[in-house]
Amino acid sequence: MGLVRIGVIGIGNMGSSHVQMLYQGRINGAELTAVCSRNESRIEWVKSQTKGNVKIFKDEESFFNDSEIDAVLIATPHYSHPKLATEAFAKGKHVLIEKPAGVYTKNVLEMNAAAKASGKVFSIMYNQRANPLYQKIRDLIQSGQLGTIKRTNWIITDIYRPQSYYDSSKWRATWEGEGGGVLINQALHHLDIWQWTTGCMPKRIRAVSSFGKYHDIEVEDDVTAFVEYENGATGVFIASTGEAPGTNRFEIVGDRGKLVVENEELIFFQLAQSEREFNSSYIGGFGMPDYQKKEISVTSNNANHTLIIQNWVDAILKGSPLLSPGEDGVKALEISNAIYLSSWLNETLELPINPEFYYEKLQEKINASTFKKKHVSNSTLDVNGTH
């Protein structure tokens with residue numbers, strides 16, 4: 001294969017960006033071959049940006065059958081991701097999906113099974129995994145320099161949104177249109193990085209979510225979740241779109257020190273010896289292990305969509321390992337689903353939760369919605385379901 005012929009389905013905010021990126025040749029080994037959208041204004045935009053030499057399709061069936069693409073980049077609303085990805089795998093296409101992988105784990109797990117059966121390269125747009133800041137944190141943890149994890153805390157409230165943001169699109173902030181609020185939209189990258197850097201998925205979750213606390217919406221705009229890990233470590237995850245000024249502070253404590261990330265700066269409080277070793281051997285009254293405060297020089301870069309797409313194309317052409325495998329999308333979604341369910345039931349839950357049960361509870365929320373008048377069909381392909 002000389003060039004990977006890529007089709008983009010969904011020409012909203014992110015889809016438009018991907019069209020420009022591919023057409024301008026910013027991805028080595030790839031070319032933009034086709035797009036799919038039902039929105040006439042977006043189709044005209046594509047024509048103006050690509051000088052009319054990209055195939056245009058208005059329905060997904062002809063897009064998959066007649067476009068002659070090798071791979072598809074899916075940038076449609078949240079609910080449609082698993083369905084479109086599964087169709088693409090059935091047609092023998094490689095797939096890159098925008099986050100989230102879906103809205104509920106039931107059909108995301110089915111999508112992952114279809115990906116495995118197809119043998120095609122499957123990636124997800126977790127672009128924060130390409131951020132050198134989070135890569136360094138992962139390296140410090142995975143290499144054992146932090147030791148055994150004892151606690152994690154992440155406060156993400158620097159993602160403020162005014163009411164006008166939610167009013168900008170009818171599908172936003174509804175159970176039927178978006179499938180959730182701050183967790184599924186703004187904080188999903190953080191949920192992924194939380195488990196990816198530490199290598200730990202929670203074992204138990206107890207959460208309190210506030211639905212429409214600061215905005216006229218039916219989904220959550222404020223969340224506090226307490227988690228427990230298999231090894232007895234604990235964690236707290238706080239996210240809100242209703243605080244100003246906001247905070248973004250990530251702490252990971254191990255038996256050999258503490259990592260603190262705030263204001264895109266990374267500090268390692270590195271112990272001279274394991275706290276557990278010190279605790280068992282120290283014979284004084286008051287004391288603590290010696291430590292060094294190390295300011296780790298690393299540049300944070302949040303705009304890494306190009307790197308994820310390039311990595312995906314390299315995996316197709318060269319067999320390069322994926323930085324963000326599509327199958328990993330279920331992990332952050334699993335956490336978010338458990339947080340919702342814990343809040344709805346007012347209970348502590350064991351992970352993994354029952355996919356069928358969560359799906360049933362989500363349908364109850366959709367059916368009871370008082371915001372149905374704001375809903376736009378999930379099948380709309382021209383609007384991207386992120387940010």
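Relevant structure appears above.
Residues numbered from 1 in each chain as written. Predicted model: local features only at pLDDT ≥ 70, side-chain atom pairs only at ≥ 80, totals over all residues. Heavy atoms only, no water.

(A) Structural context of the overall build of the protein chain. Each helix and strand counted, the protein chain has 12 helices and 15 strands in total. Relative to the globule expectation of 21 Å for 387 residues, the C-alpha radius of gyration of the protein chain, 22 Å, shows essentially globular dimensions. Taken along its principal axes, the extent of the C-alpha atoms in the protein chain is 75 × 50 × 40 Å. Here the protein chain, with 387 residues, has 55% of them falling under the buried criterion. Nonlocal contacts in the protein chain, meaning residues at least 24 apart in sequence, comprise 70% of its contacts between residues at least 6 apart. Accessible surface for the protein chain amounts to roughly 16100 Å². Of this, 48% is attributable to carbon and sulfur atoms. (Helix = DSSP H or I, 4+ residues; strand = E, 2+ residues; numbered from the N terminus. Rg over C-alpha atoms; globule rule 2.2 N^0.38 Å. Buried < 20%, exposed > 50% of the residue type's maximum accessible area, 1.4 Å probe, protein only. Contact = heavy atoms within 4.5 Å. Areas by Shrake-Rupley, 256 points an atom, 1.4 Å probe, with all protein chains shown as cover.)

(B) Expanded view of the packing of aromatic side chains. Across all of its chains, the model carries 16 aromatic pairs by this definition. Look at Trp154 and Phe250: their rings are 4.0 Å apart centre to centre, the planes differ by 5°, and that puts the pair in the stacked class. Here the residue Trp154 occupies a position in strand S7 (residues 149–156), and Phe250 occupies one in strand S11 (residues 248–254), the gap between them amounting to 96 residues. Taking relative accessible area as the criterion, Trp154 reaches 1% and is therefore assigned buried. Centre to centre, the rings of Trp175 and Trp344 are 5.5 Å apart; their planes meet at 75°, and the pair counts as edge-to-face. Within this pair, whereas Trp175 is found in the loop between helix H7 (163–167) and helix H8 (188–198), its partner Trp344 is found in helix H11 (residues 329–345), the two being separated by 169 residues in sequence. With a relative accessible area of 3%, Trp175 lands in the buried category. By relative accessible area, Trp344 is classed as buried at 17%. Through a chain of ring-to-ring contacts, three or more aromatic side chains come together here, namely Trp175, Phe211, Tyr340, Trp344 and Tyr358. The ring of Trp45 carries Arg42 above its face, with NZ or CZ at 4.7 Å from the centroid. (Phe/Tyr/Trp six-rings, centres within 6.5 Å; stacked < 30°, edge-to-face > 60°. Lys NZ or Arg CZ within 6 Å of the ring centre and 35° of its normal.)

(C) Expanded view of the side chain of His94. When you line up the elements, His94 lands in strand S5 (residues 94–97). Excluding anything up to four places from it in sequence, His94 contacts Asp70, Ala71, Val72, Lys120, Val121, Trp312 and Ile316.

(D) Highlighting the layout of surface pockets. Of the pockets and cavities examined, the largest pocket occupies roughly 520 Å³. If you go around the largest pocket, you meet 24 residues; those closest to its centre are Gln128, Tyr134, His190, Asn248 and Asn302. Ranked by the residues each element gives to the lining of the largest pocket, the list is headed by H8, at 3 residues. By volume, the second largest pocket amounts to about 160 Å³. Looking at the second largest pocket, the residues that line it are Lys150, Val253, Gly254, Gly257, Lys258, Phe269, Leu271, Glu275, Met288, Pro289 and Tyr291. Broken down by secondary-structure element, the contributors of at least two residues to the lining of the second largest pocket are S11, strand S12 (257–262) and strand S13 (265–271). Among the residues forming the lining of the second largest pocket, the class breakdown is 6 nonpolar, 2 polar and 3 charged. (1 Å grid on protein atoms, 1.4 Å probe; cavity = no way out; pocket = protein on both sides within 12 Å on 5 of 7 lines; lining within 4 Å. Points joined across faces, edges and corners; volume = space filled by probe spheres on them. Nonpolar A, V, L, I, M, F, W, Y, C, P; charged D, E, K, R; others polar.)

(E) Expanded view of the sheet that holds strand S6 (residues 122–124). Ordered in space as S3-S2-S1-S4-S5-S6, the 6 strands form an open sheet in which the pairing is parallel. Lying at the two open borders of the sheet, with one neighbouring strand each, are strand S3 (55–57) and S6. Each strand of the sheet is rotated relative to its neighbour by a mean of 25°, with strand direction disregarded. Examined bridge by bridge, strand S4 (residues 71–74) and S5 share 4 bridges and lie parallel to one another. Looking at S5, one finds that Val72 is bridged to Val95. Together, strand S1 (4–9), strand S2 (30–36) and S4 form the strand contacts of helix H1 (residues 13–23), whose direction differs from that of S2 by roughly 145°. (Pairing = 2+ DSSP bridges. Axes fitted to C-alpha atoms, helices over the stretch in contact; angles between N-to-C directions.)

(F) Main features of helix H10 (residues 305–318). Look at H10: 20 Å from first C-alpha to last across 14 residues, which is about the 20 Å you get at 1.5 Å a residue. Along H10, the positions that sit buried rather than exposed are His305, Ile308, Ile309, Gln310, Asn311, Trp312, Val313, Asp314, Ala315 and Ile316. Against S1, H1, S2, S4, S5 and S6 lie the buried residues of H10. Immediately beyond the C-terminal end of H10, within one or two residues, lies Gly319, with a positive phi of roughly 75°. (Expected span 1.5 Å × (residues − 1).)

(G) A look at helix H4 (residues 81–90). Every buried residue of H4 is listed here: His81, Pro82, Leu84, Ala85, Ala88 and Phe89. On an axial view of H4, the arc spanned by its buried residues comes to 165°, and they lie on one face. Once H4 finishes, Gly92 follows within two positions and takes phi at roughly 80°, a positive value. (Arc of directions from axis to C-beta.)

(H) Structural detail: the packing of helix H5 (residues 105–118) against helix H12 (residues 355–367). It is the contact of H5 with H12, at a shortest axis distance of 8 Å, that shows an interaxial angle of 130°. In terms of orientation, H5 and H12 fall into the oblique class. Only Pro355, Glu356 and Tyr359 of H12 make contact with H5, whose side of the interface consists of Thr105, Lys106 and Leu109. (Parallel < 35°, antiparallel > 145°, perpendicular 65-115°, else oblique.)

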